[in-house]
Amino acid sequence: MSLFFNLGLGDIMWGIIGKQPFWPCYIVTDNDGRSYKRKMCSNDVYRISFYVQWMGDGRHSWVGLSYLVPFERAPNPQHTPYDMLKNYIQTHRKNKENLKACKIPRRLAAEIDAIVEEALERQDIFE
């Protein structure tokens, strides 16, 4: 079953835009009340995008489904959500750009650690 069918409003994801690292976000609705949209491409393939709010600064943007990864809590304290992200990428998306985006630059480490904690708290509230 596709990841698309399991996503809904408020779901926390790792998202990526451009050359930025993966960043926690959650699915919200746009001004028209849509949380996702489908677009038929020239090769008769649908491209699905979700409207997300980026955690930390509150920006919004449309992100393609292929640029979203589930935000998962680690099963034990020795692992972090970063470990879960890397594991998902290595298992489902064997592409160098995605693996490269798993690396968090030192200048962003403290900020993203705080945002990951916020995402975990949000996950606790809504589960």
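One can find the structure itself at the top, above this paragraph.
Residues numbered from 1 in each chain as written. Predicted model: local features only at pLDDT ≥ 70, side-chain atom pairs only at ≥ 80, totals over all residues. Heavy atoms only, no water.

Further remarks concern the nonpolar core. In terms of nonpolar packing, the biggest core is built from 34 residues, with Trp14, Phe22, Phe50 and Val52 touching the most fellow members. When residues of this core are traced back to their parent elements, those giving at least two are strand S1 (12–15), strand S2 (23–27), strand S4 (46–54), strand S6 (68–70), helix H1 (81–92) and helix H3 (106–126). (Core = buried A, V, L, I, M, F, W, Y, C linked by side-chain atoms within 4.5 Å. Buried < 20%, exposed > 50% of the residue type's maximum accessible area, 1.4 Å probe, protein only. Helix = DSSP H or I, 4+ residues; strand = E, 2+ residues; numbered from the N terminus.)

Glancing now at the packing of aromatic side chains. Enumeration over the complete set of coordinates arrives at 4 aromatic pairs. Ring geometry for tryptophan 14 against phenylalanine 71: centres 5.2 Å apart, planes inclined by 35°, an arrangement best described as tilted. Here tryptophan 14, found in strand S1, pairs with phenylalanine 71, found in the loop between S6 and H1; they are 57 residues apart in sequence, far enough to count as distant. Residue tryptophan 14 shares its accessibility class with phenylalanine 71, and that shared class is buried. Relative to tryptophan 62, the ring of tyrosine 51 lies with its centre 5.0 Å away and its plane at 50°, an arrangement referred to as tilted. (Phe/Tyr/Trp six-rings, centres within 6.5 Å; stacked < 30°, edge-to-face > 60°.)

A word on the layout of surface pockets. Counted as a void, the largest pocket has a volume near 370 Å³. In terms of lining residues, the largest pocket is bounded by 16 residues, among which Gly18, Lys19, Gln20, Glu97 and Ala101 are the most central. Secondary-structure elements contributing two or more residues to the lining of the largest pocket are helix H2 (96–101) and H3. In terms of residue count, the dominant contributor to the lining of the largest pocket is H2 (4 residues). (1 Å grid on protein atoms, 1.4 Å probe; cavity = no way out; pocket = protein on both sides within 12 Å on 5 of 7 lines; lining within 4 Å. Points joined across faces, edges and corners; volume = space filled by probe spheres on them.)

Following the sequence through the fold, alanine 119 ends up in helix H3. For alanine 119, a relative accessible area of 0% translates into the label buried. Residues alanine 119 and phenylalanine 71 lie 48 residues apart in sequence; the distance between their C-alpha atoms is 8.5 Å. When residues no more than four places from it in sequence are discounted, the contact partners of alanine 119 are Ile12, Pro24, Met55 and Phe71. (Contact = heavy atoms within 4.5 Å.)

Here we take up the pattern of salt bridges. Scanning the entire structure with this criterion turns up 3 salt bridges. Aspartate 57 is paired through a salt bridge with arginine 59; the nearest N and O atoms lie 2.4 Å apart. Judged by its relative accessible area of 46%, aspartate 57 falls in the partly exposed class. (Salt bridge = Lys/Arg side-chain N within 4 Å of Asp/Glu carboxyl O.)

What follows covers the pairing of strand S5 (residues 60–64). Pairing analysis gives 5 bridges linking S4 to S5, with the strands arranged antiparallel. Among the inter-strand pairings, serine 49 is bridged to a residue of S5, identified as glycine 64. Connecting S4 to the next strand, S5, in antiparallel fashion are 5 residues, including glycine 56 with a positive phi near 105°. (Pairing = 2+ DSSP bridges.)

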